[in-house]
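These are the residues of each chain, in order.
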Amino acid sequence: MAQLAIDGGNPVRKNENFLIFGSPLIEEEEIEEVVACLRSRWIGTGPRTSQFERDFAKYKGINLAVAVNSCTAALHLSIKACGIGNGDEVITTPMTFCATINSIIHAGATPVLADCDRDTMNISPEEIEKKISPKTKAILIVHFAGRPCEMDAIMSIAKSYDLFVIEDCAHAIEAEYKGIKTGCFGDIGCFSFYVTKNIITGEGGMVITNDERLVGKIKTLALHGMSKDAWKRFSDEGYRHYSVIGAGFKYNMTDMQASIGIHQLKKIEKYWEKRRYIWNKYNECFRGLPCFLPKEPEENTKHAFHLYTPLIDIVQINKNRDWVLDAMQAENIGIGVHYIPIHFHPFYRKTFGWKYGDFPNAEWIGERTISLPLGPALSDNDVDDVISAFSKIMKNH
Ligand SMILES: *Cc1c(COP(=O)(O)O)cnc(C)c1O
């Protein structure tokens, strides 16, 4: 039997060849555009940002898009633009990144968690309905790992209780549910172009909506609270005074970021194909190992394949998940954990009184989940190394 590197055996990859988790693919077009942007000396918010917004809206088949400097900013602005704040509740999932929760808190509202489903890892519509109170104003859903949420059920709940729906699409730019693209169901869709995401701008985010009124508010809040025409200051239409109509933020995207985004977006489907291929290959090669593999995408949906997240059968291997993380690192393969459930973090426990046992499905996933490298930058050899290392560890635990 092959000895594991964690037990002193030879690692699958050499130390100097450590496979970084979530490393992006950056090609010549992006590099040339950034250089052209720098040479133009228009490096703030300008024509490239506008182009990226137009291209992104077109890709999503929606009217309006506002580029911002992160998905966290996008979420924060979306909640504020819906007029949600003090005394209001926003229902979301415990199986998400902390930014989803922080954006609710920073808007002044209270996050209310509704447990996820074990198989899809997405927020459960039945659990959402149980958490609705007279204070509930919105449902903030996360299309986890790129798998679209159960939108029929969620939209029908939102309709009957008159709630806003905000979609955290940080994992799910390409995803679709019954022919409708994620981010286009609810009132607002939010996207991330952080370095590990499906397409990247270094740091960056996008808000999409069909609602002119919401876009006006978002643009104003994203730029110091200056009236939305202030965005036109970044043009050569002549001098414009600005008026501050609220205490806003500094969340605008720059043309240096947009330069990368414009070209990444052109390759979005090519990158998606590559991730789909790797995702399917993992699912085939890992059959029979002591873990619960991701469920096939639901019929009539498009999965964005952002993360590949098998769940370790910790009972069968009689070791905890963190041991598997250490064993993978020892083989020189970088891994991730998406996520430690929100209610396990000390700040949220202290602030909201959440405790172990409150969200059993999120806990079940949180104790077992591991994310393996998945991205267009991986070579066939990298993918084979991930498969060898994970198989070796799961067979020789
Ligand atoms: C990455 C991520 C965010 C935050 O995105 P940033 O662009 O880094 O602010 C929010 N929600 C989820 C689910 C994420 O994965």
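Residues numbered from 1 in each chain as written. Predicted model: local features only at pLDDT ≥ 70, side-chain atom pairs only at ≥ 80, totals over all residues. Heavy atoms only, no water.

Visitor: Describe the environment of I218, listing the residues and the values that go with them.
Guide: Counting through the fold element by element, I218 comes out in helix α7 (residues 212-222). Expressed as a C-alpha distance, the spacing of I218 and M394, which sit 176 residues apart in the sequence, is 48 Å. Beyond its immediate stretch of four places on either side in the chain, I218 contacts V66, L77, A81, I188 and V207. (Helix = DSSP H or I, 4+ residues; strand = E, 2+ residues; numbered from the N terminus. Contact = heavy atoms within 4.5 Å.)

Visitor: How would you summarise the pattern of salt bridges if you had to cite specific residues and measurements?
Guide: What the rule picks out here adds up to 20 salt bridges. With its nearest N and O atoms 2.9 Å apart, the salt bridge here joins D385 to R13. Of this pair, D385 sits in helix α14 (residues 380-395) while R13 sits in the segment before α1 (28-40), and the two are 372 residues apart along the sequence. For the pair D385 and R13, a shared accessibility class is recorded, and that class is buried. (Salt bridge = Lys/Arg side-chain N within 4 Å of Asp/Glu carboxyl O. Buried < 20%, exposed > 50% of the residue type's maximum accessible area, 1.4 Å probe, protein only.)

Visitor: Residues and numbers for the sheet that holds strand β7 (residues 180-181), please.
Guide: The sheet built from three strands is open, its strands ordered β7-β6-β11 with antiparallel pairing. At either margin of the open sheet sits one strand with a lone partner, and together these are β7 and β11 (301-302). (Pairing = 2+ DSSP bridges.)

Visitor: Can you lay out the nonpolar core for me, pointing to particular residues and giving the numbers?
Guide: Counting 32 residues, the largest nonpolar core has Y282, V324, M328, I370, L372 and F390 as the members making the most contacts within it. Contributions of two or more residues to this core are made by α9 (268-285), α10 (314-317), α11 (321-330) and α14. Ranked by residue count, the leading element in this core is α14, at seven residues. In contact with F390, other than residues within four places in its own chain, are F286, L289, C291, P310, I312, V324, M328, I370 and L372. L64, A73, V90 and C190 belong to the second largest nonpolar core, which has 29 residues in total. (Core = buried A, V, L, I, M, F, W, Y, C linked by side-chain atoms within 4.5 Å.)

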